[in-house]
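This is what each chain is made of:
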Amino acid sequence: MGKASKDKRDIYYRKAKEEGWRARSAFKLLQIDQEFNIFHGVKRVVDLCAAPGSWSQVLSRNLYVPAKQSPDCKEGDFPLIVAIDLQPMAPIEGVIQVQGDITNARTAEVVIRHFDGCKADLVVCDGAPDVTGLHDMDEFVQSQLILAALTIVTHVLKVGGKFVAKIFRGKDTSLLYCQLKLFFSQVTFAKPKSSRNSSIEAFAVCENYSPPEGFKEEDLYHLLEKVGTPSGADDLDCRSGWLEGPNKVYIPFLACGDLSGYDSDRSYPLPSTEGGSYRSLDPVQPPIAPPYKTALEMKKASSHGASADTIRPSADS
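The structure presented is a predicted model; accordingly, all values stated were derived computationally and were not measured.

Novice: What's the story with the sheet that holds strand β8 (residues 253-256) in this structure? I'm lost.
Specialist: In a beta sheet, neighbouring strands are held together by backbone hydrogen bonds and run either parallel or antiparallel to one another. With mixed pairing, 8 strands are arranged side by side in an open sheet as β3-β2-β1-β4-β5-β7-β6-β8. With one partner strand each, in any of the chains shown, β3 (95-99) and β8 form the two edges of the open sheet. Sheet twist, expressed as the mean angle between neighbouring strand axes with direction ignored, is 20°. Looking at chain direction, strand β6 (residues 184-192) and β8 are connected through 4 bridges and run parallel. Following the sheet pairing, Phe 189 is matched in β8 by Phe 253. Strands in contact with helix α4 (residues 54-69) are β1 (44-48), β2 (80-85), β3, β4 (120-125), β5 (157-168) and β7 (201-209); relative to β1, the strand with the most contacts, it is inclined by about 165°. The sheet contacts of helix α7 (residues 173-181) involve β5, β6 and β7, and relative to β6 the element is tilted by about 140°.

Novice: Where do I start with the packing of aromatic side chains in this structure?
Specialist: The geometry of two aromatic rings is summed up by the distance between their centres and the angle between their planes. Per the counting criterion, the structure on display carries 9 aromatic pairs. A centroid spacing of 5.3 Å and a plane angle of 50° characterise the contact between Phe 184 and Tyr 209, whose relative ring orientation is tilted. Taken together, the positions of Phe 184 in strand β6 and Tyr 209 in strand β7 put the pair 25 residues apart, joining distant regions of the chain. Look at Tyr 209 and you get buried, because its relative accessible area is 3%. An aromatic cluster of at least three residues, connected via ring pairs, comprises Tyr 12, Phe 27, Tyr 262 and Tyr 268.

Novice: I tried to follow the packing of helix α6 (residues 135-156) against α7 on my own but got confused; where do I start?
Specialist: Think of two packed helices as two axes; the pair is described by the angle between the axes and how far apart they sit. Where α6 meets α7, the closest approach of the two axes is 11 Å, and the angle between their N-to-C directions is 5°. One element, α6, and the other, α7, form an angle in the roughly parallel class. On the side of α6, the interface is formed by Glu 139, Ile 146, Leu 147 and Leu 150, while α7 contributes Thr 173, Leu 176, Gln 179 and Leu 180.

Novice: Before we go on, may I ask you to explain the pairing of β5 in this structure?
Specialist: If a strand is regular, its side chains alternate between the two faces of the sheet. Most of β5 is tucked away, with 9 of its 12 residues classed as buried. Alignment of β4 against β5, held across 5 bridges, turns out to be parallel. Looking at β5, one finds that Cys 125 is bridged to Ala 165. This β-α-β element, β4 to α6 to β5, shows right-handed connectivity. Where β5 meets β7, 6 bridges bridge the pair, whose relative direction is antiparallel.

Novice: Honestly, the pattern of salt bridges in this entry has me stumped. Any pointers?
Specialist: Close approach of charged atoms allows side chains with opposite charge to pair. In the structure shown here, the tally under the stated rule is 8 salt bridges. The shortest N-O distance in the salt bridge between Asp 10 and Arg 196 comes to 2.6 Å. With a gap of 186 residues between them, Asp 10 in the loop between α1 (3-9) and α2 (11-19) and Arg 196 in the loop between β6 and β7 connect regions that are remote in the sequence. Judged by relative accessible area, which is 33%, Arg 196 ranks as partly exposed. It is possible to trace a salt-bridge network through shared partners that takes in Lys 28, Asp 126, Lys 166 and Glu 201.

Each value, and the rule that gives it
- Residues numbered from 1 in each chain as written.
- Predicted model: local features only at pLDDT ≥ 70, side-chain atom pairs only at ≥ 80, totals over all residues.
- Heavy atoms only, no water.
- Pairing = 2+ DSSP bridges.
- Helix = DSSP H or I, 4+ residues; strand = E, 2+ residues; numbered from the N terminus.
- Axes fitted to C-alpha atoms, helices over the stretch in contact; angles between N-to-C directions.
- Contact = heavy atoms within 4.5 Å.
- Phe/Tyr/Trp six-rings, centres within 6.5 Å; stacked < 30°, edge-to-face > 60°.
- Buried < 20%, exposed > 50% of the residue type's maximum accessible area, 1.4 Å probe, protein only.
- Parallel < 35°, antiparallel > 145°, perpendicular 65-115°, else oblique.
- Right-handed = clockwise from strand over helix to strand, strands pointing away.
- Salt bridge = Lys/Arg side-chain N within 4 Å of Asp/Glu carboxyl O.

The structure is reproduced here in structure tokens:
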């Protein structure tokens, strides 16, 4: 199946290349902003798990570039965007890149230094583990990634700020919702139109960061565990079973994006060109140091070694 076939099957993949986005996920953040207006009044923003950089591109085009082009905005007033990832990524205009671990307190210190001691208005995270296809496992690992992101959020997000993170919907979604509600007065789970209906992916849109009175960052996980064990039992087993029945929690869930827009699960005909046949575009920016690069190099080296052994003449010939 060639590239043109994927362009036909995935309209957002094709549009991302046509509009200069590094990945189709850019449309998800754009559609979330259309519904929740998360970029309004934002001057400092952090993009967690940023590589390959499509969400950082959205932040740059919607915050930094308009300010730079405005004659009324001085250079010192430009929005500050910090992108964090373990993997390096190609530069983006107006984006400060930090190669680091979001679970490390030093990373939070680096972010605040870039903000001159101030805290962020918005934190976004589109990170996800390599999925296994086992939904319970994928949901658990993703929830742990969100809690890791929440760790840095409690250090770098200002009171009243916003947090947007990818989630996987499943049986423990109610628990995650209640944990996020500890820190945000308004939490909505949203499904952008560019996210496939067949996917368990959704996004937690958390507004008005307001941590509990007297909250200390080092007490985060103890506080989260108490949500899963309201009885205060010593054998803490964080779970969502008690949120069913009379304690059932109803989570606000919202589909966002233009209802008349493209359907991510539908195939669309390829556009006609003057030359006749459709020509598929290359990706805007391939990963510059993907985690699978070493594996590919080892495989290539081993295949070359095997080929050399095959064609090497024997001593008897």
